[in-house]
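In case you want the letters, here they are:
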Amino acid sequence: MTNVIYRQQWQPSASFPQPEIKTGNGFRTETADSVISPYHTMKKSALFFAISLALAPAASADIFSGVTSDNNLVTFDSSAPNTLLTSRPVTGLTAGGGNLINLTYNPADGLYYGLDFAANFYSIDSTGAATAIPTTFAPSGFGALAFDPTGGNLVYVSELAEHFTLTTTGTATRVADFAYSAGDAHAGETPALTAAAFDPDFGTPYFIDFQTDSLVTNVDLNLGSADTVGPLGGPGFDITSNAALVVDSVGNLYGALSTDGISSSFYSIDPATGAATSLGALTVSLSAISAAAAVPEPSAALSGLAALGACLGRRRRA
């Protein structure tokens, strides 16, 4: 659609010399004897700015999913973690297996995958309906499950430094157990990994060692090397194994951490230093969190439309 700007016959002067006639920005400029006056040029610029602002992509806030300690699948907005958007009971779990304690999201098929206390493996849809997937997967320790966007499989790490890959059909493969690299601040200690997440774009893995209260990463998953990024907090910041990590769609790292094993708080975590900054207490205790989908925040678009309305209003009064 061509945007037409009102024109008037105008003669150049010393104050306003002959403008250079250009086309672009979707506006039609005709001939040199029918040009836009400086007054209307300013109006055109204001109108174009308002339209650009109104139509510019809005900032997005990610929707995170989590599983609570009482077995509900919940969602919340990363910009308002204290408010649950949805809460649905997880159904279809194997009798005697207990509640879900791990959860991750696979963007390739739009399903969640999780493990219960007995390491029964499930796919879970957005309604909370779980479907058991036959598997021989049998870890010795509790840990975390995360989708690896580089390998296309799920990765399981545990408090005993175990390391498995797991396909969505249930095939489990034991990989080299994790060990801290030589020269690491915790070299010689067993990595007690109970939270895991991958950057969705670059595939960088992040883990939490709940014994050292530190953020951990890895250069090569096949080698099982563990490298400490840094402490989550200062002296006295002691978390329990009830920890979870998630990376949003633009690479921001978040965690649900508990210092008492009962309640959780939501944190932003610096992936370069490991420092965790509290964003407030969660209304529920989360055993696991996962990125699920992104939704636009309306603020930028609404501001642009308001500016557009004001500009059009001024134009009508001109």
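Figured I'd write up the structure that's included with this text. The numbers attached to residues start from 1 for each chain and follow its sequence in the written order. Per-residue local features are limited, in this predicted model, to residues with pLDDT of at least 70; the limit for side-chain atom pairs, both in listing and counting, is 80 or more; totals at the level of whole chains, interfaces and linings are taken over all residues. Derived side-chain values reflect all non-hydrogen atoms in the structure, with water molecules and hydrogen atoms excluded from consideration.

The subject of this paragraph is the overall build of the protein. The helix count covers DSSP runs of H or I at least four residues long, the strand count covers runs of E at least two residues long, and both are numbered beginning at the N terminus. The helix and strand tally for the protein stands at two helices and 21 strands. Residues are treated as being in contact if the distance between any of their heavy atoms lies within 4.5 Å. Partitioning the contacts of the protein with sequence separation of at least 6, the portion at a separation of at least 24 is 49%.

With that out of the way, let us pick up the nonpolar core. Ranked by size, the top nonpolar core spans 16 residues in total, and within it Ile208 and Leu245 carry the most contacts. In this structure Leu245 touches Ala195, Ala196, Ala197, Tyr206, Phe207, Ile208, Leu215, Leu253, Tyr254, Gly255, Ile269 and Ile289, once residues within four positions along its chain are discounted. The next biggest cluster of nonpolar side chains, apart from the first, holds 14 residues, and it includes Ala146, Val157, Leu221 and Ala226. To form a nonpolar core, buried Ala, Val, Leu, Ile, Met, Phe, Trp, Tyr and Cys residues must be joined to one another through side-chain atoms within 4.5 Å. Think of it in three bands: with a 1.4 Å probe and only protein chains considered, a residue is buried below 20% of the maximum accessible area for its type, exposed above 50%, and partly exposed in between.

Along the chain, the position of Ser241 falls in the loop between β16 (225–231) and β17 (244–247). With relative accessibility at 37%, the residue Ser241 sits in the partly exposed group. Separated by 46 residues in the primary sequence, Ser241 and Ser287 have C-alpha atoms spaced 9.5 Å apart. Those residues in contact with Ser241 that sit more than four places away from it in its chain are Thr194 and Phe210.

Of note in this structure, Asn71 is not a glycine but carries a positive phi near 70°. If you trace the backbone, Asn71 turns up in the loop between β1 (60–68) and β2 (72–77). Positive phi is not limited to glycine here, since Asp213 has a value of about 55°. Position of Asp213 among the secondary structure elements: in the loop between β14 (205–209) and β15 (214–217).

This paragraph deals with the sheet that holds β14. Within a sheet, adjacent strands bond to each other through the backbone by hydrogen bonds, running parallel or antiparallel. The five strands are arranged β12-β16-β15-β14-β13 in an open sheet whose pairing can be described as mixed. Edge strands, defined here as strands with exactly one partner in the open sheet, are β12 (179–180) and β13 (193–198). Where β13 meets β14, five bridges bridge the pair, whose relative direction is antiparallel. Bridge assignment links Leu193 to a residue of β14, and that residue is Asp209. Here a strand pair is declared whenever DSSP counts at least two bridges between the two strands.

Before going further, it helps to examine the pairing of β15. Neither face of β15 is left uncovered, since the one carrying Ser214 and Val216 and the one carrying Leu215 and Thr217 both have all their residues buried. Where β14 meets β15, four bridges bridge the pair, whose relative direction is antiparallel. Its bridge partner being in β15, Phe207 is matched across the sheet by Val216.

Glancing now at the pattern of salt bridges. Just to be clear on terms, a salt bridge is a Lys or Arg side-chain nitrogen sitting within 4 Å of an Asp or Glu carboxyl oxygen. This structure, assessed with the given rule, holds one salt bridge. For the salt bridge of Asp177 with Arg174, the shortest nitrogen-to-oxygen distance reads 3.0 Å. For Asp177, a relative accessible area of 35% puts it in the partly exposed group. A relative accessible area of 47% places Arg174 in the partly exposed class.

Classification of ring pairs uses Phe, Tyr and Trp, with its six-membered ring standing for Trp, and accepts pairs whose centres are within 6.5 Å; under 30 degrees between planes counts as stacked, over 60 as edge-to-face, and the remaining range as tilted. Applying the stated rule across the entire model yields 13 aromatic pairs. Feature note: the residues Phe64, Phe76, Tyr254 and Phe266 constitute an aromatic cluster, connected by ring pairs.

What follows concerns the sheet that holds strand β18 (residues 253–257). One open sheet holds the four strands; their spatial order is β17-β18-β19-β20, and the pairing between them is antiparallel. The sheet terminates laterally at β17 and β20 (276–281), the two strands that pair on one side only. Looking at each pair of strands side by side, their axes are set apart by 25° on average, direction ignored. Taken together, the five bridges between β18 and strand β19 (residues 265–269) define a ladder with antiparallel strand orientation. When the sheet's bridge partners are listed, Leu257 is paired in β19 with Ser265. Axis lines are fitted through C-alpha atoms, for helices just across the contact stretch, and the angle between N-to-C directions can take any value from 0 to 180 degrees.

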